[in-house]
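Coordinate inspection notes
Single-letter residue listing:
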Amino acid sequence: MAVAPPSYCFVAFPPRAKDSLVVFGKNSARPRDEVQEVVYFSAADHDPESKVECTYISIDQVPRTHAIVISRPAWLWGAEMGANEHGVCIANEAINTREPAAETEALLGMDLVRLGLERGTTAKEALDVIVALLEEHGQGGNYYEDADSCHSFQSAYLIVDREEAWVLETIGKYWAAEKITEGVKCICNQLSLTTKIDAEHPELRSYAQSQGWWTGEDEFNFSEVFSLADDHLHCCAGKDSLEKQEESVTVQTMIDILRDKASGVCVDSESFLTTASVVSVLPQNRSSPCIHYFTGTPDPSRSIFKPFIFVDDVKLVPKTQSPCFGDDDPAKKQPRFQEKPDRRHELYKAHEWARTVIESDQEQGRRLRKTMLELEKQGLEAMEEILTSSGPLDPTEVGDLFYDCVDTEIKFFK
């Protein structure tokens, strides 16, 4: 069975989070050399009967898709994490369960993240979209750009909006979900739901019984029923990091947690690396905008979180987009992944230099990291002003926000 990378995602609700803000965060742990890109797609209308080509399969398109911004491994269609114009954020986790994941190509968990964002105006609506598509198309296929073996997983999701969050955990087409409206929650690469289940697949329990995993007499505990024998509930280094925060959780708190290598939340191992990170702030006051901070680069402890806000006219950022290989992409041709093209985007290449300096030259590395944090701090302070001001946003300024931050970062590295 493939080893699921130990990614973490978090949400904190008021009053644990400060100033009536919902704070969401995710570290994406993936194979070390994989490139993630940050891409914006505007809202769009689609012709009736049109199809959308996901990573491995095509499915029916909907009449309208919402504007989204996503961080994704550059070879696939879906997303590891992202947000839409309605203030919905979704992240997913690859998990292993008693039921082996299908290798047959279907929808990837990451495709379902993007489909949920494109089609859901609330967290609950996105959940309904994901489970309906699971029922119709199933999940399966290789999670990695690897010709030698198929790494397939079941998937779990943290789906958040300004009001509530849903933890959705899936096994094939079967699923259970818990609604969260207060406190803090962390999910990682293991099942976390126990006996509090607020929505579930109608045949979930009968399926567990048919497999001999549940007698029908004991209380139904989702993790106990579906986890591998030695696997459940020792998961969250992340949970401890978030729960032991004595002060209320802010954007900075969440960024610090994502940067923490000692706790294991920031993964930097032989096989895996945190290849991208995101923190989102969703004000419960609807007159304030949601703000999404993406790194677009590996290792959050050596990256800059850069803000993005949805407005009608967002300036595209080609410097965080990987080269496009069209139909010649080895990920799209059968047999897949026979070659690995260079998918590094301009920001990734510039950032490689910074990582090298930080790793090799203590004094210069320390100065460089200090300046990077200064740059980030300026962005955080400017966003704080936007959240506390009562005046309207200037759409032209905000539309260029992420573009300008990426541009400044690249110039700084050069």
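Note that this is a predicted model, so its numbers are computed, not measured.

To continue, consider empty space enclosed by the protein. Under the criterion given, the structure shown has 2 cavities of 30 Å³ or more. Of the pockets and cavities examined, the largest cavity occupies roughly 80 Å³. Lining the largest cavity, in full, are V38, V39, Y40, V69, F308, V314, K315, L316, V317, T320, Q321 and F402. When residues of the lining of the largest cavity are assigned to their parent elements, the largest contribution, 3 residues, is made by strand β3 (residues 36-41). Here the residues of the lining of the largest cavity sort into 9 nonpolar, 2 polar and 1 charged. The space that makes up the second largest cavity amounts to roughly 60 Å³. Sort the elements by how many residues they give to the lining of the second largest cavity and strand β10 (residues 89-95) lands first, with 3 residues.

Turning our attention to the pairing of β10. When you tally the buried positions in β10, you get 7 out of 7 residues, the bulk of the element. The two faces of β10 match: C89, A91, E93 and I95 on one face and I90, N92 and A94 on the other face are all buried. Here 3 bridges tie strand β9 (residues 81-84) to β10, and the two strands are oriented antiparallel to one another. The residue bridging G82 from the neighbouring strand is I90, located in β10. In this sheet, strand β11 (residues 154-160) lies alongside β10 in antiparallel orientation, the contact comprising 7 bridges. For A91, the partnering residue across the bridge sits in β11 and is L158.

So, on to helix α1 (residues 109-119). Of all 11 residues making up α1, 11 are buried, and the element is well covered by its neighbours. Taken residue by residue, α1 has G109, M110, D111, L112, V113, R114, L115, G116, L117, E118 and R119 as its buried positions.

Another aspect to go through is the packing of aromatic side chains. One pass over the structure, following the stated rule, counts 18 aromatic pairs. Ring geometry for F294 against F402: centres 6.4 Å apart, planes inclined by 75 degrees, an arrangement best described as edge-to-face. With F294 in strand β17 (residues 291-294) and F402 in helix α10 (residues 401-413), this pair connects stretches of sequence that are 108 residues apart. In textbook terms, an aromatic cluster arises when at least three aromatic residues are bridged by ring pairs, as seen for Y174, Y207, W213, W214, F220, F222 and F226. For K124, the ring lying beneath its charged end belongs to W166, and the centroid distance is 5.8 Å. Looking at K315, its charged tip hangs above the ring of Y403, at a distance of 4.0 Å from the centre.

Okay, the packing of helix α7 (residues 346-360) against helix α8 (residues 362-388) next. Relative orientation of the contacting elements α7 and α8 amounts to 130 degrees, with a least axis distance of 6 Å. Here α8 runs oblique to α7, going by the angle between their axes. The chirality of how α7 crosses α8 is left-handed. For the pair α7 and α8, the contacting residues are H351, W353, A354, V357, I358 and S360 in the first and Q362, Q364, G365, L368, R369 and M372 in the second. Across the contact of α7 with α8, the residue classes tally to 6 nonpolar, 5 polar and 1 charged.

Cut-offs applied
- Residues numbered from 1 in each chain as written.
- Predicted model: local features only at pLDDT ≥ 70, side-chain atom pairs only at ≥ 80, totals over all residues.
- Heavy atoms only, no water.
- 1 Å grid on protein atoms, 1.4 Å probe; cavity = no way out; pocket = protein on both sides within 12 Å on 5 of 7 lines; lining within 4 Å.
- Points joined across faces, edges and corners; volume = space filled by probe spheres on them.
- Helix = DSSP H or I, 4+ residues; strand = E, 2+ residues; numbered from the N terminus.
- Nonpolar A, V, L, I, M, F, W, Y, C, P; charged D, E, K, R; others polar.
- Buried < 20%, exposed > 50% of the residue type's maximum accessible area, 1.4 Å probe, protein only.
- Pairing = 2+ DSSP bridges.
- Phe/Tyr/Trp six-rings, centres within 6.5 Å; stacked < 30°, edge-to-face > 60°.
- Lys NZ or Arg CZ within 6 Å of the ring centre and 35° of its normal.
- Axes fitted to C-alpha atoms, helices over the stretch in contact; angles between N-to-C directions.
- Parallel < 35°, antiparallel > 145°, perpendicular 65-115°, else oblique.
- Left-handed = near helix turned anticlockwise from the far one by under 90°.
- Contact = heavy atoms within 4.5 Å.

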